[in-house]
Amino acid sequence: MSKTPLQFRHNGRDVAIFVDGGTNLLVALRELIGDMTPKFGCGQGGCGACSVLIDGEIHLSCLTLAETAAGRSVETLDGMKQGPNLHPLQRAFADNFAAQCGYCTPGMLMAAKALLDRNPQPSRDEVVEAISGNICRCTGYESIINAILAAAGGRASA
Amino acid sequence: MTRHRGRGMASVNYPIGMNLGGDPSQALVHSNPSGKFTVALSSIDLGQGMKSVTRQICAETLGVPVEDVYVDTADSDTGPHCMGSFASRGTHRVGNAVMAAAREARGVMMEAAAEELEVNAADLETDGRGNIHVKGAPHRSISTKDVAIAAQFKQGKTISGRGIFLVPLSDVDPETGEMSPATCYAHACLVAEVEVDDETGEVAMVRMDSAYELGRALNPRLVEQQLVGGAWMGVSHALYETPEPYYPDPAHGPRDFVEYLMPGPGDICPHDIAVLERPAPDGPFGGKGPGEMCANPVLPAVANAIFNAVGVRIDDLPITPEKVLRAIKSQGGARPQARR
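Residues numbered from 1 in each chain as written. Chains lettered and ligands numbered in written order. Predicted model: local features only at pLDDT ≥ 70, side-chain atom pairs only at ≥ 80, totals over all residues.

Visitor: It is not clear to me how the overall build of chain A should be interpreted in this structure. Could you clarify?
Guide: Tallying secondary structure elements over chain A gives five helices and five strands in all. Tracing chain A from N to C terminus, the helices and strands come up as β-β-α-β-β-β-α-α-α-α. Overall, chain A is about 50 × 30 × 25 Å in size when its C-alpha atoms are taken along their principal axes. Buried residues in chain A amount to 45% of all 158 residues. Put simply, 58% of the contacts in chain A that link residues at least 6 apart link residues at least 24 apart. (Helix = DSSP H or I, 4+ residues; strand = E, 2+ residues; numbered from the N terminus. Buried ≥ 20, exposed ≤ 12 C-beta atoms within 10 Å, placed from the backbone. Contact = placed C-beta atoms within 7 Å.)

What follows is the structure, given as C-alpha cells:
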C-alpha cells in the first residue's frame, strides 16, 4: 500500500510523517510521532481517553483519520505544560485528587481545556456536559468536575 | 407518568483482607548511603494511593521525614512476595509488613548512631526531621545521612529491615465450631435517595448520605477519594453494569461502552460522607482499609430505596429500567411505601 505524506502542527511544532491510508490519528500520534499521551481505551469512540484538540476543537483521535489533521494544529496533553510549569488545569487536577489510575486523565484534561479555552467561566452543568464523553472508572467524576471549576476560578482571579 | 421518590438504607460489616493461607505480604526496607530509605514491595498501587500510605507508614516508623522515603512497587522479580492489591488489604496487610520492616531497620540505624555518638542506643531518639539525638540533649546529634555513611563505610552494617504480616491461624471451638475468619472489620451505613419513573422504569440517584468507620484515616484525602469513587462504582453495579444482561444467554451481551453502561458525570448525585475513626488494634497506626467496602452498602441501599419508591423488590443486579418496569406492571402499578 502506498504511503501518504502528511504534515501538521503538533503542539506548536511542525511534523511530517508518512501514513498508510486509513491510519487513524491516535496511531499516527502514538506510533509515528511518539506522543504517548493520547490513550487507546476502547478504539470505538466510547471512552474519550484518546481525546485531542484539532484547531482548538475536541476530537476522538481513534475515530479521526490521520489525514484529517493535514495542515491543521493538533494539541495533546504532551503540549499542555508551560515550560517547567504545570498548566493551571493540571495543577487543579493534582490539588483536587482528580486522578487515581490516571488512564482517563489525558482525555479529561483535553476535554477540560477545550471547554475553558472557549468558555473561561463555565457553570457546573457546562463542565459536566464537556466531559460527558469521557469515562472515568476511579473517581466518580466529582473531583474532576471540582478541579475544572477550580481551574476556571483560578483563571478569573489571576 | 409519575416520578416517585424513595429512600433506602443499608449497613455493612466488612472484613479487611482475606484469610486463605494467612493472607501474607512482605516488605523490605533499606537505607541508601545518602540517608534516604527505599521500601521494596511487590504490591501494586492501582491509583488508590498505597505508595503514599506505605511511604507515610515507613517514615513515621523510622522517625524520618516522608521526603526521605521512596517506595518501589510492583516488580515481583525484585520485590518480596505480596498476595496482591485486593480485598481492601493494602493498607492493613502491606502497611503492617512495612511497619515491621521499618522497625527492624530503625533498630540498626539507632545502633549505628549510638556507635557514632558513643552512647547507648536506648538513650537516642529521632526528631522526624532527619536527625538522631540523645534524649534531653538535642545538641548531641547526628543526621541520618551521616549515620548511613558511617554504617556503609566505617561500621560495615546494613541499615535494613525485613517485614511480613501473616494473619494468625484461627482456633476452632470444638464445642460450637466457632472461629474468627478475620481479625479486623470496617463498618459502614449508607442512605440512598432515588427517583423512579413509573413510565420508563428509570432510576435516578438523588443523593447519598453515608458514614464509614475504617480505623484511623492515615491519609484523609486518599480515604475521601476512595469513598467518593467507590460509591460511584456501587451505583454503577446497582443500576448499570453487567456483561450478561440475560444470563445465562450470552447472545445479548454488551459489545462496547454504548451497551456496557456506567453512570456518566451527569448521573452522579451529591454524597455527604462522615468518616468515623476507631483505630484498629492490629492495623498499622490503627488503619483498616477503605477499599472495596465503599461500593458495598450502595447496592442494597439503592434496592431498598427503589422498593420504598414504587413497592417493587428487585433481587438481581443491575436494577435496569426493564426489570423495574416489568415489576411495576406485574403488580398493577407503582405502590409507594411509607416515607421514612
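That was the structure; now back to the text.
Visitor: Looking at this structure, I do not really get the sheet that holds strand β10 (residues 203-213) of chain B. What am I missing?
Guide: Residues and elements named next belong to chain B. Read from one edge to the other, the open sheet built from four strands follows the order β1-β9-β10-β11, with strand pairing classed as mixed. The open sheet has two edge strands with one neighbour each: β1 (3-15) and β11 (271-276). Averaged over all pairs of adjacent strands, the angle between strand axes in this sheet comes to 15°, irrespective of strand direction. Bridging between β1 and strand β9 (residues 185-197) involves 13 bridges; their strand directions are antiparallel. By the bridge assignment for β9, Tyr-14 is matched with Ala-186. (Pairing = 2+ DSSP bridges. Axes fitted to C-alpha atoms, helices over the stretch in contact; angles between N-to-C directions.)

Visitor: Would you mind going over the packing of helix α2 (residues 88-95) of chain A against helix α3 (residues 105-118) of chain A with me for this structure?
Guide: The packing of two helices is summarised by the inter-axis angle and the distance between the axes. All names here are of chain A. At a closest axis distance of 10 Å, the pairing of α2 and α3 adopts a crossing angle of 125°. Between α2 and α3, the angle falls in the class oblique. With respect to the hand of their crossing, α2 and α3 are arranged in right-handed fashion. Judged by residue contacts, Leu-89, Gln-90 and Phe-93 of α2 engage Thr-105, Leu-109, Ala-112, Lys-113 and Leu-116 from α3. (Parallel < 35°, antiparallel > 145°, perpendicular 65-115°, else oblique. Left-handed = near helix turned anticlockwise from the far one by under 90°.)

Visitor: I tried to follow the nonpolar core on my own but got confused; where do I start?
Guide: The nonpolar side chains of a soluble globular protein tend to be buried, and buried together. In terms of nonpolar packing, the biggest core is built from 129 residues, with B:Val98, B:Val298, B:Val302 and B:Ile306 touching the most fellow members. Among the elements that line this core, the one with the most residues is helix α2 (residues 90-117) of chain B, at 13 residues. (Core = buried A, V, L, I, M, F, W, Y, C linked by C-beta atoms within 7 Å.)

Visitor: Which parts of the structure should I look at to understand α2(A)?
Guide: Since the α-helix packs 3.6 residues into each turn, any two residues three or four apart lie on the same face. All names here are of chain A. Along α2, the residues classified as buried are Leu-89, Gln-90, Ala-92 and Phe-93. The buried residues of α2 occupy an angular sector of 160° when the element is viewed end-on, so they sit on one face. Directly after α2, the chain includes Phe-97, whose backbone phi takes a positive value near 55°. (Arc of directions from axis to C-beta.)

Visitor: How should I be thinking about the confidence of the model for chain B in this particular structure?
Guide: Caution applies to low-pLDDT regions: their predicted coordinates should not be interpreted in detail. Residue and element names in this part refer to chain B. Of the residues in chain B, 100% have a pLDDT of 70 or more, and the chain-wide mean is 94. Mean pLDDT in chain B bottoms out at strand β7 (residues 137-143), which sits at 94, and peaks at helix α5 (residues 298-310), which reaches 98. Quick note on the complex model: pTM equals 0.91, ipTM equals 0.89. (pLDDT = per-residue confidence, 0-100.)

Visitor: Help me out: how do you make sense of the interface of chain A and chain B in this one?
Guide: Much of the literature gives interface size as the accessible area that the parts lose upon coming together. Each side of the interface is counted separately: chain A has 19 residues, and chain B has 17 residues. Take the side of chain A that touches chain B: its biggest share by element is three residues, from helix α5 (residues 142-157) of chain A. Of the residues belonging to the side of chain A that touches chain B, the class tally is 10 nonpolar, eight polar and one charged. (Nonpolar A, V, L, I, M, F, W, Y, C, P; charged D, E, K, R; others polar.)

Visitor: What exactly am I supposed to notice about helix α4 (residues 220-239) of chain B here?
Guide: End to end, α4(B) covers 29 Å across 20 residues, agreeing with the expected 28 Å (1.5 Å per residue, within 8%). Along α4(B), 16 of the 20 residues are buried, which leaves the element largely enclosed by surrounding structure. (Expected span 1.5 Å × (residues − 1).)

Visitor: What exactly am I supposed to notice about the environment of A:Arg118 here?
Guide: Along the chain, A:Arg118 falls in helix α3. In the structure, A:Arg118 is positioned 45 residues away from A:Ser73 in sequence and 16 Å away in space, judged by C-alpha atoms.

Visitor: Help me understand the pairing of strand β3 (residues 37-40) of chain B in this model?
Guide: Sheet faces and side chains relate simply in a regular strand, where the side chains alternate between the two faces. Residues and elements named next belong to chain B. A one-sided burial pattern is seen for β3, the buried positions being Phe-37 and Val-39 and the unburied ones Thr-38 and Ala-40. As defined by bridge partners, strand β2 (residues 25-31) adjoins β3 across four bridges and the pair is classed as antiparallel. Across the sheet, Leu-28 pairs through a bridge with Ala-40, a residue of β3. In this structure, β3 lies alongside strand β4 (residues 69-72), joined through four bridges in parallel fashion. Bridge pairing in β4 places Ala-40 opposite Asp-72. Note on the crossover from β3 through helix α1 (residues 50-62) to β4: the handedness is right-handed. (Right-handed = clockwise from strand over helix to strand, strands pointing away.)

Visitor: Explanation requested: the packing of α1(B) against α2(B) in the structure shown.
Guide: Residue and element names in this part refer to chain B. The interhelical angle for the contact between α1 and α2, taken along N-to-C directions, is 30°, at an axis separation of 8 Å. Relative to α2, α1 is oriented roughly parallel. Handedness of the crossing formed by α1 with α2: right-handed. Seen from α1, the contacting residues are Met-50, Val-53, Thr-54, Ile-57, Cys-58, Thr-61 and Leu-62; seen from α2, they are Gly-90, Thr-91, Val-94, Gly-95, Val-98, Met-99, Ala-102, Arg-103, Ala-105 and Arg-106. The residue makeup of the contact of α1 with α2, split by class, is 10 nonpolar, five polar and two charged.

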